[in-house]
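The lines below spell out each chain.
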Amino acid sequence: MCGRINFSDSAETAKRLGVKDSDTPREGDVNGFACQDSYIFGLADRAPDTLRHFHWPLIPSWSNTYPAYQSHNARSEDMADKPAYKHLLGKRHCIIAINGFYEWERSSEKTPWYFSMADGSLMLLAGLWDYNTKLDAPVLSCTVITREPNQMVGEVHNRMPVIITRADADIWLNTQLPYHERAKVLQPIENSALLKVEIGKSINKADNKSGDWFNGPDEKPLSLF
DNA sequence: CCAGACGTTGTT
DNA sequence: GTCTGG
DNA sequence: CCAGACGTTGTT
DNA sequence: GTCTGG
């Protein structure tokens, strides 16, 4: 999971989080994915009162090239063993604020689904961030932590992002707490907190930004109006 | 010791 | 099958 | 994440 | 930076 997401522009994201934007406002993306010029928005444990624009995927601080490997997700089960992530645990936690994410069910036919919060709130993903000054320009970047799915997501896919409540986000971002206390929030979210809808295959094309895969107005995210 | 990788997903 | 580009 | 390409030489 | 493989 967590390769394709729907997120609002930075101004709206900051407003809904109740924080100020830190940077030149950036657009959102109803069909976003990690690539060399993609940015997503959230909060870093260092100064979480301000919205950060994170390059996605993660570029480790020690890297002097753009990563040739996949670094948009970190497996919660073994990220503590990975050279690209372990130095960030307990030191550089972040949350990413999105509207929802897409998963493809691989049954007889590949079927796309959309997951969002049942109450229409921002979806908060647990992540790790880093800061690199060895490339052309300094880059703040992040990765999204994944885990085994809850029952609802598990019906269509074997992984999901770590989705946390606002209260747990405060714990994940609290630099005063020891890592093992902060890491306790990396749990599967309860099924009832999520909304799951099947969507059209027009989502598949990454450059389709129309949102025409949503079935009707009642399923269309607010960000598209 | 130095050189070279550093990752996830899904699919088999 | 696997890598690259979006 | 999915879609789409998957090659080399030489010449511009 | 830090780990693995040689």
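Residues numbered from 1 in each chain as written. Chains lettered and ligands numbered in written order. Predicted model: local features only at pLDDT ≥ 70, side-chain atom pairs only at ≥ 80, totals over all residues. Heavy atoms only, no water.

1. Here's the deal with the protein's contact with DNA strand B
Right, so step 1: Looking at DNA strand B, there are 16 residues lining it, with Gln70, Asn73, Arg106, His157 and Asn158 nearest.
Right, so step 2: A distance of 3.3 Å separates a phosphate oxygen of DNA strand B from a polar atom in the backbone of Pro83.
Right, so step 3: A distance of 2.9 Å separates a phosphate oxygen of DNA strand B from a polar atom in the side chain of Thr146.
Right, so step 4: By residue number, the principal contributor to the surface near DNA strand B is strand β6 (residues 73–75), which donates three residues.
Right, so step 5: Considering only residue class, the surface near DNA strand B consists of seven nonpolar, five polar and four charged. (Near = heavy atom within 4 Å. Polar contact = N/O pair within 3.5 Å; in protein donor to acceptor, adjacent residues only side chain to side chain. Helix = DSSP H or I, 4+ residues; strand = E, 2+ residues; numbered from the N terminus. Nonpolar A, V, L, I, M, F, W, Y, C, P; charged D, E, K, R; others polar.)

2. Some words on the protein's contact with DNA strand E
Right, so step 1: For DNA strand E, the full set of nearby residues is Trp62, Pro83 and Lys86.
Right, so step 2: The sugar-phosphate share of atoms of DNA strand E within 4 Å of the protein amounts to 8%.
Right, so step 3: One of the side-chain nitrogen or oxygen atoms of Lys86 is found 3.3 Å away from a phosphate oxygen of DNA strand E.

3. Notes on unusual backbone geometry
Negative phi values dominate among residues other than glycine, just as trans dominates among peptide bonds.
Right, so step 1: Between Trp56 and Pro57 the backbone carries a cis peptide bond, its omega angle lying at 20°.
Right, so step 2: Assignment of secondary structure puts Pro57 in the loop between β5 (50–55) and β6.
Right, so step 3: Positive phi, normally seen in glycine, also occurs at Ala47, with a value near 60°.
Right, so step 4: Following the sequence through the fold, Ala47 ends up in the loop between β4 (39–44) and β5.

4. As for the side chain of Ser141
Right, so step 1: By the secondary structure assignment, Ser141 is in strand β11 (residues 139–147).
Right, so step 2: For Ser141, a relative accessible area of 0% translates into the label buried.
Right, so step 3: Those residues in contact with Ser141 that sit more than four places away from it in its chain are Phe54, His55, Pro57, Leu58, Ile59, Leu128, Trp129 and Asp130. (Buried < 20%, exposed > 50% of the residue type's maximum accessible area, 1.4 Å probe, protein only. Contact = heavy atoms within 4.5 Å.)

5. Quick notes on the environment of Thr13
Right, so step 1: When you line up the elements, Thr13 lands in helix α1 (residues 10–17).
Right, so step 2: Here the alpha-carbon distance between Thr13 and Leu51, two residues 38 residues apart in the chain, equals 8.1 Å.
Right, so step 3: Excluding residues within four positions of it along the chain, Thr13 makes contact with Ser8, Phe41, Leu51, Ala97 and Leu122.
Right, so step 4: At 3.3 Å, the side chain of Thr13 forms a polar contact with the backbone oxygen of Ser8.

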